[in-house]
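Given next are the chains, with one letter for each unit.
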Amino acid sequence: NDIGMVAWILEMSTPEFPNGRQIIVIANDITFRAGSFGPREDAFFEAVTNLACDKKLPLIYLAANSGARIGIADEVKSCFRVGWSDEGSPERGFQYIYLTAEDYDRISSSVIAHKVQLDSGEVRWIIDSVVGKEDGLGVENIHGSAAIASAYSRAYEETFTLTFVTGRTVGIGAYLARLGIRCIQRLDQPIILTGFSALNKLLGREVYSSHMQLGGPKIMATNGVVHLTVSDDLEGVSNILRWLSYVPANIGGPLPITKPLDPPDRPVAYIPENTCDPRAAIRGVDDSQGKWLGGMFDKDSFVETFEGWAKTVVTGRAKLGGIPVGVIAVETQTMMQLIPADPGQLDSRERSVPRAGQVWFPDSATKTAQALLDFNREGLPLFILANWRGFSGGQRDLFEGILQAGSTIVENLRTYNQPAFVYIPMAGELRGGAWVVVDSKINPDRIECYAERTAKGNVLEPQGLIEIKFRSEELQDCMGRLDPELINLKAKLQGAKVGNGSLPDIESLQKSIEARTKQLLPLYTQIAIRFAELHDTSLRMAAKGVIKKVVDW
């Protein structure tokens, strides 16, 4: 091969398309100049990408490269001369690099130079710039990189793109992995911008010891770049084929619907107890006797993506009655976010940060928004098992962009072009800003909202509501209205005051009222919370028209 890139149009029969479907595969040829990107590779990649967009065919990129090609003009390197400051003392430095008249006549097209004549009569061509006879030595390579970055980014919008990092991918290769959005990474192959040796030289000390330290799955699978990780190429190809089983033959065409082995009218056997386990609700779970309790979607059809990133939200693709769908659900347990130490910073330490369940943080809100964008591009109907108490709005969260991420959720739902179903599950709740960003009013033509009978929803949680709307004075008024003993004591106090009762009697009655109020306060706080909870019910949601229907589990 005389170019570091190869492409194929593959025709393959699959269970979804027994009569065949076409996909386009493009790959770096690592045997040609380490799979680097030069002008010819860039032009080839751009042409193949444009072909995939024109034909609306899925485009699979097998990435194994060393980034943009670096080069030097060997024809100039082999013959240039040095104009020394003192010909007899090279250690005193030099003034310029030049070519002899004979060499200039031979390779003049490779340089931009100007002529000088020495007092001795010798003619020298002082080199101002080295152009080189070969294309692909420097800036033209990154000029081409910009073209393929633009093309692959456009391809994500116009067709289905998926990158499998099967070998080290560097620089523009790393950007392509991100620009195509959907990415599978082999566990032993890094995605990096610059090699660790170059970074060590930049930092002036030996900081990094491997490429994996910079862009291995411990980094890329936890920061939202990589959707899936695999142990080898076979597993990677298997995951590509499985992902394609959710994708139309031609983007924008009908979804690949198969006859379900798991009947869609079977009951959902998994029943949440105190909280709703999102994965059990989606794909089912084995009980203590090993019996499978079915979830909401077809058995063995759920493929989770972004599993290592923003773990308080669960995203992936599943099938319902053989129909491919996108699924977003909520983790109810507290998850730990591991923030690795950066060897480049001497004071950096690895940190483990707890992330409460049922709360959107900047990373999990961004993950939600990205999943919505991907599902919409793939033409998938959407199911959101909505179980959020709200957004985390601390100072650091605001600094890290929680407002921007929440707004992106709204924008991606507003522009969603497929049916979207929002369901508050059993033992679930949806409150405040979290309700706002998934409400049917965001996209009335596409979104329908439902709630399970036990689901709850409101602006605030009951404990927060009573602090504002059922304060201590109002609790005491409620006690005075409902408690017979307090009613009797207050009547005696009023009688004592009107009938000129003795001061000791009045003080005694007041102390009795205070004691009784203090005794009743915890009980009436619970009553107030219960009263507030009655405003949270699914029946009230339906009565106010904010959900379409109460749907039992």
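Residues numbered from 1 in each chain as written. Predicted model: local features only at pLDDT ≥ 70, side-chain atom pairs only at ≥ 80, totals over all residues. Heavy atoms only, no water.

- The name recorded for the chain in an unreviewed UniProt entry is Chloroplast acetyl-coenzyme-A carboxyltransferase domain, from Echinochloa crus-galli.

**Digging into the sheet that holds strand β5 (residues 94-100)**
And then number 1: In spatial order, the strands read β4-β5-β7-β6; together these four strands make up an open sheet with antiparallel pairing. In the strand order of this sheet, the two ends are held by β4 (81-84) and β6 (111-117), each with one partner. Within this sheet the neighbouring strands show an average axis-to-axis angle of 45°, counted without direction.
And then number 2: In the sheet, β4 pairs with β5 via four bridges, with the strands oriented antiparallel. Its bridge partner lying in β5, arginine 81 is registered against tyrosine 98. (Pairing = 2+ DSSP bridges. Helix = DSSP H or I, 4+ residues; strand = E, 2+ residues; numbered from the N terminus. Axes fitted to C-alpha atoms, helices over the stretch in contact; angles between N-to-C directions.)

**Considering the packing of helix α16 (residues 472-482) against helix α17 (residues 484-498)**
What describes two packed helices is the angle between their axes and the distance between those same axes.
And then number 1: Contact geometry of α16 with α17 gives a least axis separation of 5 Å together with a crossing angle of 90°. When the axis of α16 is compared with that of α17, the two are roughly perpendicular. When α16 is examined against α17, the residues Gln476, Met479, Gly480, Arg481 and Leu482 are found in contact with a partner set consisting of Pro484, Leu486, Ile487 and Lys490.
And then number 2: Looking at the contact of α16 with α17 residue by residue, the classes come out as five nonpolar, two polar and two charged. (Parallel < 35°, antiparallel > 145°, perpendicular 65-115°, else oblique. Contact = heavy atoms within 4.5 Å. Nonpolar A, V, L, I, M, F, W, Y, C, P; charged D, E, K, R; others polar.)

**Some thoughts on the domain arrangement of the chain**
And then number 1: Domain boundaries assigned for the chain yield domain 1 (5-69 + 138-245), domain 2 (74-130), domain 3 (278-459) and domain 4 (463-535).
And then number 2: Placing the centre of domain 1 and that of domain 3 at their C-alpha centroids yields a distance of 27 Å.
And then number 3: Ranking the residues of domain 1 by area buried against domain 3 places Tyr156, His227 and Arg242 at the top, with a combined share of 27%.
And then number 4: Taken together, the links from domain 1 to domain 3 amount to two salt bridges.
And then number 5: A salt bridge links glutamate 378 to arginine 182; its shortest N-O distance comes to 2.6 Å.
And then number 6: On the surface where domain 1 and domain 3 come into contact, there are five residue pairs in polar contact (both at pLDDT 80 or more).
And then number 7: Elements with a minimum of two residues in the side of domain 1 that touches domain 3: α4 (139-158) and α9 (233-244). (Domains from an automatic or database assignment. Buried area = accessible area lost by both parts, 1.4 Å probe. Salt bridge = Lys/Arg side-chain N within 4 Å of Asp/Glu carboxyl O. Polar contact = N/O pair within 3.5 Å; in protein donor to acceptor, adjacent residues only side chain to side chain.)

**Description of unusual backbone geometry**
It is generally the case that most residues other than glycine have a negative phi and that most peptide bonds are trans.
And then number 1: A positive phi angle, close to 65°, is found at isoleucine 181, a residue other than glycine.
And then number 2: The topology assignment puts isoleucine 181 in the loop between α5 (172-179) and β10 (183-186).
And then number 3: Taking the relative accessible area as the measure of exposure, isoleucine 181 reaches 10% and is therefore buried.
And then number 4: The phi dihedral of aspartate 300 is positive, around 60°, even though this residue is not glycine.
And then number 5: Here aspartate 300 shows up in the loop between β14 (292-293) and β15 (303-305).
And then number 6: We classify aspartate 300 as exposed; its relative accessible area is 60%. (Buried < 20%, exposed > 50% of the residue type's maximum accessible area, 1.4 Å probe, protein only.)

**Comments concerning the sheet that holds strand β27 (residues 549-550)**
And then number 1: One open sheet accounts for seven strands, arranged β15-β16-β17-β21-β23-β25-β27; its pairing is mixed. Because the sheet does not close on itself, it has two edges, and the strands there are β15 and β27.
And then number 2: One ladder, built from four bridges, connects strand β21 (residues 382-385) with strand β23 (residues 420-424); its direction is parallel. Bridging across to β23, isoleucine 384 finds its partner in valine 422.
And then number 3: Contacting β15, β16 (313-320), β17 (323-330) and β21, helix α11 (residues 362-377) crosses the sheet at an angle of about 25° to β16.

**Quick word on the nonpolar core**
And then number 1: One finds Ile328, Trp360, Leu382 and Trp388 to be the most contacted residues of the largest nonpolar core, which totals 36 residues.
And then number 2: Among the elements of the structure, β17, α11, β21, α13 (402-414), β23, α14 (432-438) and β25 (447-451) are those that each provide at least two residues to this core.
And then number 3: Counting residues per element, this core draws most heavily on α11, at five residues.
And then number 4: Setting aside its immediate chain neighbours within four residues, tryptophan 360 contacts Val313, Ala365, Thr368, Trp388, Gly390, Phe391, Ser392, Ile402, Ile409, Ala434, Val437 and Val438.
And then number 5: Cys276, Leu293, Phe297 and Val325 belong to the second largest nonpolar core, which has 21 residues in total. (Core = buried A, V, L, I, M, F, W, Y, C linked by side-chain atoms within 4.5 Å.)

**A short note on the pattern of salt bridges**
And then number 1: Evaluation of the coordinates by the stated rule reveals 26 salt bridges.
And then number 2: Of the charged contacts in the structure, one is a salt bridge between glutamate 461 and arginine 389, with a shortest N-O distance of 2.6 Å. Here the residue glutamate 461 occupies a position in the loop between β26 (456-458) and α15 (462-469), and arginine 389 occupies one in the loop between β21 and β22 (390-391), the gap between them amounting to 72 residues.
And then number 3: The salt bridge partner of glutamate 533 is arginine 530, with a shortest N-O separation of 3.6 Å. Taken together, the residues glutamate 533 and arginine 530, both in helix α18 (residues 503-533) and three residues apart, mark about one turn of the helix.
And then number 4: Its relative accessible area of 48% is what places arginine 530 among the partly exposed residues.

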